[in-house]
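Below, each chain spelled out in residue letters.
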Amino acid sequence: MPVNAGHVGYSSVPPGASETCPLLIPESDSLWRPMTREELEAAAGPVWRNVRCYLVLLFWLAWVTILATSIAIIIKSPRPVATPLKWWQESVFYQLQADQWTEAQTEGSEGMCAMHEQLPYLRSLGIGALILKGVFDVEVFPLNLTAADKNFAPLAWIQHLLSEPQSRLHAGPAGLKIVLDLCKRDLLALQDVTGNLSATTQRALHFWLEKGVAGFVICDTDAAYSEKTLLEWRRVFGEFSSPEEERIVVVKQTADVLRPLNGSGQVNVTLVDVVMRSILPRSHHPLFAQEVADAVERHLQTRGDNIWPSWTVGGNASQELKKLLLVLMMTLPGSPAIQYDKDMEKTKEKGKMNRAALQLFSSLSFSKAREEALQYGSFTFLPFNTSSSSNSSLSSPLSPPILAFLRSWGCVHFLVLLNFGFQPQSLDPAWASSLPDAGLFVASTGMDRFGSTSLYSLRLQPHEAIVIKLFEAQNYS
C-alpha cells in the first residue's frame, strides 16, 4: 500500500465522488475552414479589389512589353545574309600541267583511260574544277581540232577529256569543270582589221565552249586582258552560259597589284570573274620561313578589292612549308587553286605521307564546302604575342610570331593559327582575352590533333598550322 494513501492531505476522494477527470478540452462545435472568395473580398474591402486588378494588369503589360522588346531586338539586330555563290566561288581549283599526267601514262587510248580513272577520284576529294596548263605550249597552235589534228597528243587528250567520258566525271549537276590556261599565249585575242575579234578567234571560242570548256585563264599582261576583247568574249559566252553553267574569265595577277585593263585606267569587275593571286613572292630559290611569314602577313593586311580571289602558292616554298600553305589557302576568303601533287594521285599502295596529305586535303576541302564561315564569312586578322619554348635569343628572327585570323559567320567562328618558325610556340594567354578559351580541332598539318582544346595551353610545333572551331559566339571586330 502506498505511503500516506488515503490521507486527506493527498487528495483523497471523498465518499460518493467520481474518480474520473477529463483529460482533454471538449471539442468546439465550430471547426476552422478557409474563407471563401466572397468572404475574403468582403473582409479586404474595395481597396484590395482595386489593388489586385492593377497588379494583374501590370503583370500582363510587363509580359507583353518584354515579348515585344525581344521581337524588336531579333528583327532589328544585324543578321548575316547568305549570298548565293557561283560555281567557281564554291570550287577548289586543281592546276594540272598536261604533261605531268600524259607523260606518266602510257601512250594511246589506254593511257587516256588510265588518266580518266583519276578524275572521279579527284572529284571525290572535293575538287570542283581542273585548270589545264601547257595544253597549247606548241609553236604552231591549231585553234580548231581537225581530223589531222586529232593525232596531236595534248589536243587529242583534251578532246577526249571534254567529250563522252565527261559523263563519268559528273556526280549530279555540279560535276568537274574544265578550264583552259591560255596565259601568255594570246591565242584568243586575234583581231581583224576593224579591231574586233577575228573570225578565226570567234570560231575557236565557239569550238571550245561547245566542247564544254567552263572558262579560260589569261594573264594581266596578255593582249586579251583588255576591255574591248573581254566584252567580245562576254558576248560569245552568253550564247553558252546558263545560271548553272556560267563560263568564266580567270586572270592571273603577275604583280603585287592587279593591273588595270589594257586601254582602260581601271579594272572592270563585270568582265573578270576570278583573280588568281600568289601568296608568295616570285623567287628562284626556296623561301625561308621569315620571308614566307612576311609575305603572308602583307597579303592578309592588304586585301580589299571586290573581285573574287583565287589563291595559289606561286613562289618556291620549301617542302616543310607546303602543308602549312595548303591550310592557309583553304581557309582564306576565295577559291584555292592547288598545284598538282603526286601525293594526291590514286595509287594501289599509299605510304604514310600520302595518307596524311590526303587526310589533310579532304578535311579542309569538305570543311570549306559545308561551313559558311569558310565560304563567305568575315575575315579578321589577329596579330598577337607568343612565348617561345626555347631561349629568347633563338626565337627571333628565326621564329617569327604565329600568324592568325578568324573566319566568322553568325555564331560560328574558325580560328586559324600558323607557326612559320623553327621553334615551338605557346600562345600568350593575354592575347586571347576576347576569345573563347576552348575550341574543337578541325584540321592540323600533321592530322594528329583531335577533340577539344584550350587556347591557353595550346602549343604549336615548328611549321605547324591548326584550324580550330571555337565554342562560343563573340564579337571580334
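Structure's up top.
Read on for an overview of the structure. Bear in mind that the values here come from a model prediction, so they are computed numbers and not experimental data.

1. Points about unusual backbone geometry
Line of reasoning, step 1. For Met-447, which is not glycine, the phi torsion reads 50° and is therefore positive.
Line of reasoning, step 2. By the secondary structure assignment, Met-447 is in the loop between β14 (438-444) and β15 (452-454).
Line of reasoning, step 3. The class for Met-447 is buried, based on a relative accessible area of 17%.
Line of reasoning, step 4. Despite not being glycine, His-463 has its phi angle at roughly 60°, a positive value.
Line of reasoning, step 5. For His-463, the location among the structural elements is in the loop between β16 (459-460) and β17 (465-470).

2. Looking at the pairing of strand β9 (residues 378-381)
Line of reasoning, step 1. On β9, burial follows the alternation: Phe-379 and Phe-381 on one face are buried, whereas Ser-378 and Thr-380 on the facing-out side are not.
Line of reasoning, step 2. Where β9 lies against strand β11 (residues 403-409), 4 bridges are found, and the strand directions are antiparallel. If you follow Phe-379 over to β11, its bridge partner there is Arg-407.

3. Some remarks on the side chain of His-413
Line of reasoning, step 1. Residue position: His-413 is located in strand β12 (residues 412-418).
Line of reasoning, step 2. Residue classification places His-413 among the buried positions, given a relative accessible area of 2%.
Line of reasoning, step 3. Separated by 2.8 Å, the side chains of His-413 and Ser-408 make a polar contact.

4. Here we look at the state of the cysteines
Line of reasoning, step 1. The tally for this structure, following the rule as stated, stands at 1 disulfide.
Line of reasoning, step 2. Residue Cys-183 pairs covalently with Cys-219 via a disulfide, S to S 1.5 Å. Of this pair, Cys-183 sits in the loop between β3 (177-181) and α7 (199-211) while Cys-219 is found in strand β4 (residues 215-219), placing the two residues 36 residues apart along the sequence.
Line of reasoning, step 3. A relative accessible area of 12% means that Cys-183 is categorised as buried.

5. With respect to a nonpolar patch on the surface
Line of reasoning, step 1. Together, Val-56, Phe-59, Trp-60, Trp-63, Val-64, Leu-67, Ile-71 and Ile-75 line one region of the surface with nonpolar side chains, adding up to about 820 Å² of accessible area.
Line of reasoning, step 2. Here Trp-60 lies in helix α1 (residues 37-76).

6. Details of the sheet that holds strand β5 (residues 248-252)
Line of reasoning, step 1. Pairing within the closed barrel is parallel, and its 8 strands lie in the order β1-β2-β3-β4-β5-β6-β7-β8. Each strand of the sheet is rotated relative to its neighbour by a mean of 25°, with strand direction disregarded.
Line of reasoning, step 2. With 3 bridges connecting them, β5 and strand β6 (residues 274-278) associate as parallel partners. Looking at the pairing, Val-250 lines up with Val-274 of β6.
Line of reasoning, step 3. The sheet strands contacting helix α8 (residues 227-237) are β4 and β5, and the helix crosses β5 at an angle near 150°.

7. Structural notes on α7
Line of reasoning, step 1. The terminal C-alpha atoms of α7 lie 18 Å apart, and with 13 residues this matches the ideal 18 Å at 1.5 Å per residue to within 8%.
Line of reasoning, step 2. Looking one or two places after α7, you find Gly-212, whose phi comes out positive at around 110°.

8. Things to note about the pattern of salt bridges
Line of reasoning, step 1. Tallied over the full model, the rule gives 9 salt bridges.
Line of reasoning, step 2. Two residues, Lys-86 and Glu-246, come together in a salt bridge whose shortest N-O distance is 3.0 Å. One end of the pair, Lys-86, is in the loop between α1 and α2 (87-90); the other, Glu-246, is in the loop between α8 and β5, and 160 residues separate them in sequence.
Line of reasoning, step 3. Residue classification places Glu-246 among the partly exposed residues on the basis of a relative accessible area of 22%.
Line of reasoning, step 4. Between Asp-181 and Lys-252 there is a salt bridge, with the nearest N and O atoms lying 2.9 Å from each other.

9. Topic: the environment of Asp-273
Line of reasoning, step 1. By secondary structure assignment, the location of Asp-273 is in the loop between β5 and β6.
Line of reasoning, step 2. Remark: the alpha-carbon pair of Asp-273 and Val-250, spanning 23 residues in sequence, is separated by 6.1 Å.
Line of reasoning, step 3. Here Asp-273 is in contact with Trp-88, Arg-234, Arg-247, Ile-248, Val-249, Ile-307 and Trp-308, once residues within four sequence places are set aside.
Line of reasoning, step 4. A polar atom in the side chain of Asp-273 sits 2.7 Å from the side chain of Arg-234.
Line of reasoning, step 5. Among the polar contacts listed, one links the side chain of Asp-273 to the backbone nitrogen of Val-249, at a separation of 2.9 Å.

10. Structural notes on helix α10 (residues 322-331)
Line of reasoning, step 1. Among the 10 residues that make up α10, 8 are buried, leaving the element largely enclosed by the rest of the structure.
Line of reasoning, step 2. Listed in full, the buried residues belonging to α10 are Leu-324, Leu-325, Leu-326, Val-327, Leu-328, Met-329, Met-330 and Thr-331.

Conventions adopted
Residues numbered from 1 in each chain as written. Predicted model: local features only at pLDDT ≥ 70, side-chain atom pairs only at ≥ 80, totals over all residues. Heavy atoms only, no water. Helix = DSSP H or I, 4+ residues; strand = E, 2+ residues; numbered from the N terminus. Buried < 20%, exposed > 50% of the residue type's maximum accessible area, 1.4 Å probe, protein only. Pairing = 2+ DSSP bridges. Polar contact = N/O pair within 3.5 Å; in protein donor to acceptor, adjacent residues only side chain to side chain. Disulfide = S-S within 2.5 Å. Patch = residues over 30% accessible without salt bridge, like charges linked within 9 Å, V, L, I, M, F, W, Y side chains within 5 Å. Areas by Shrake-Rupley, 256 points an atom, 1.4 Å probe, with all protein chains shown as cover. Salt bridge = Lys/Arg side-chain N within 4 Å of Asp/Glu carboxyl O. Axes fitted to C-alpha atoms, helices over the stretch in contact; angles between N-to-C directions. Contact = heavy atoms within 4.5 Å. Expected span 1.5 Å × (residues − 1).

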